[in-house]
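Notes for the structure review
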Amino acid sequence: MGMKVQKLDHVVIATQDLEDALRLWDRNVGLKPDASLDKPLGAGFKVARLPIGDSFLELVQPVAQEGRFYEQVQERGEGLFSVSVQVGDLDEAVAFLRGENIKVSDPEPSIWPGARIARVNHEYTHGVSIQLIERT
Amino acid sequence: MIDKIHHIGIAVHNLDESLKFYRDTLGLHVHALDTVEDQGVRAALLTIGESEIELLEPTSPEANMAKFLERKGEGLHHICFQTADVDGDLEELKAKGVDMVDQKSRKGLAGMICFLHPKSSRGVLVELATPQDMYKSPGA
């Protein structure tokens, strides 16, 4: 029973100072950003990805003084922000969760190429922002 | 040097309730369920790819986890990275002047562990762990 979650795709960490956060993650645990990755277009934030094992950390700093991400970082402060879990078939996963009466956003393209996402409402996840991600 | 994300720790009020979502709905396999008295938590470890989700419920109102829940509510609590040499990494961090919660490694659910102070990582509570089967005590 239940869904088929393949792995922990990535963990999002909110920061107010991306440069300083990059320095600290390198100093503390030796993680470095993957420079080969394209930056998302038109987003109101600065972002870096730090690969680790079969997953990665995504450090995100809001730059625009508006938008959902900016407001959430203002409210919650710096730190662990959300987790993305990979599923094989996003539409199937969303349909399954809705069948369990769990609120999930409609699947949408990620701001990064090659992925689609949907967000699980945090009142069902014990306070964790969980994003389902399908990589194509 | 770290190898992978060992687990993500999530603070919950009621472990059995949270298992209904993480085990029954997400379908994650519970591979350990244990109470760690000296840390004041009852915990479940669920496999997700090569990492784990750790659900943590306080065992008493005085437990640190209970204070966290009171202050911040349920949600993401810490991230743990696996390393082959927690003691060596800890000494290196101390030598760099990094603020630590633990000055020495200690036994935790994930093996021999230590925590960095959250202000060392701009608000993220970071744990390092060497699983027991990989651990060689210093000087052994």
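Structure report, in brief. (Residues numbered from 1 in each chain as written. Chains lettered and ligands numbered in written order. Predicted model: local features only at pLDDT ≥ 70, side-chain atom pairs only at ≥ 80, totals over all residues. Heavy atoms only, no water.)

Quick notes on the interface of chain B and chain A
Bring the parts together and some accessible area is lost; that lost area is often taken as the interface size. Stated precisely, the cut-off is as follows: Residue contacts are defined here by distance: any two heavy atoms, one from each residue, within 4.5 Å place the two residues in contact. Two parts placed together each lose some accessible area under a 1.4 Å probe, and the buried area is that loss summed for both. Here, a salt bridge means any side-chain nitrogen of Lys or Arg that lies within 4 Å of a carboxyl oxygen of Asp or Glu. Polar contacts, as used here, are pairs of N or O atoms within 3.5 Å; protein pairs need one atom able to donate a hydrogen and one able to accept it. Residues neighboring in sequence count only if both atoms are side-chain atoms. Every helix listed is a DSSP run of H or I at least four residues long, and every strand listed is a run of E at least two residues long, numbered separately from the N terminus.
Taken residue by residue, the interface counts 39 residues in chain B and 43 residues in chain A. For the pairing of chain B and chain A, the buried interface totals around 3200 Å² over both sides, and the portion due to carbon and sulfur atoms is 69%. Per-residue buried area on chain B facing chain A is highest for L26, L76 and R122 of chain B; these three make up 23% of the total on that side. If you look at where chain B meets chain A, you find 2 salt bridges. Of the charged contacts in the structure, one is a salt bridge between E78 of chain A and R122 of chain B, with a shortest N-O distance of 2.9 Å. Applying the counting rule to chain B against chain A returns 12 residue pairs in polar contact (both at pLDDT 80 or more). Among the secondary structure elements, those contributing two or more residues to the side of chain B that touches chain A are β1 (2-11), α1 (15-25), β5 (75-83) and β8 (126-130) of chain B. With 7 residues, the top contributor of residues to the side of chain B that touches chain A is β1 of chain B.

Things to note about the sheet that holds strand β3 (residues 41-48) of chain B
Residues and elements named next belong to chain B. The criterion, for reference: Only when DSSP finds a minimum of two bridges between them are two strands counted as paired. An axis is simply a line fitted to the C-alpha atoms; with a helix, the fit covers only the stretch in contact. Between two such axes, the angle follows the N-to-C directions and lies from 0 to 180 degrees.
A sheet is described by the order of its strands in space; here 8 strands give the open sequence β2-β3-β4-β1-β5-β8-β7-β6, paired in mixed fashion. At either end of the open sheet lies a strand with only one pairing partner, and these are β2 (29-36) and β6 (106-108). Geometrically, the sheet is characterised by an average inter-axis angle of 30° between neighbouring strands, direction not taken into account. Summarising the sheet, strand β7 (residues 111-115) and β8 pair through 4 bridges and their orientation is antiparallel. Bridge pairing in β8 links F115 to E127. Most of the contacts of α1 go to β3, to which it runs at about 5°, and overall it touches β1, β2, β3 and β4 (51-58).

Some remarks on the environment of R135 of chain A
Residue and element names in this part refer to chain A. Tracing the backbone shows R135 in strand β7 (residues 130-135). Between the alpha carbons of R135 and I52 there is a distance of 18 Å; along the sequence they are 83 residues apart. When residues no more than four places from it in sequence are discounted, the contact partners of R135 are D9, H10, R49, F56, Q86, G114 and A115. Reaching out from R135, the side chain makes a polar contact with the side chain of D9 at a distance of 2.8 Å.

Examining α1 of chain B
The periodicity of an α-helix, 3.6 residues per turn, causes residues three or four places apart in sequence to face the same way. Residue and element names in this part refer to chain B. To be explicit about the condition: Working definition: with a 1.4 Å probe on protein chains only, accessible area under 20% of the residue-type maximum means buried, over 50% means exposed, and in between means partly exposed.
What α1 keeps buried is the set L15, S18, L19, F21, Y22 and T25. For α1, the side-chain oxygen to backbone nitrogen distance between the N-cap and D16 is 3.0 Å, and the N-cap itself is N14. Looking one or two residues beyond α1, the residue adopting positive phi is G27, at roughly 80°.

Here's the deal with the pairing of β8 of chain B
Residue and element names in this part refer to chain B. In terms of burial, β8 is largely enclosed, as 5 of its 5 residues are buried. Residues V126, L128 and T130 of β8 are buried on one face, and the alternating residues E127 and A129, pointing to the opposite face, are buried as well. In the sheet, β5 pairs with β8 via 4 bridges, with the strands oriented parallel. The residue of β8 that forms the bridge with C80 is E127.

No statement about biological role is implied by the geometric values presented.
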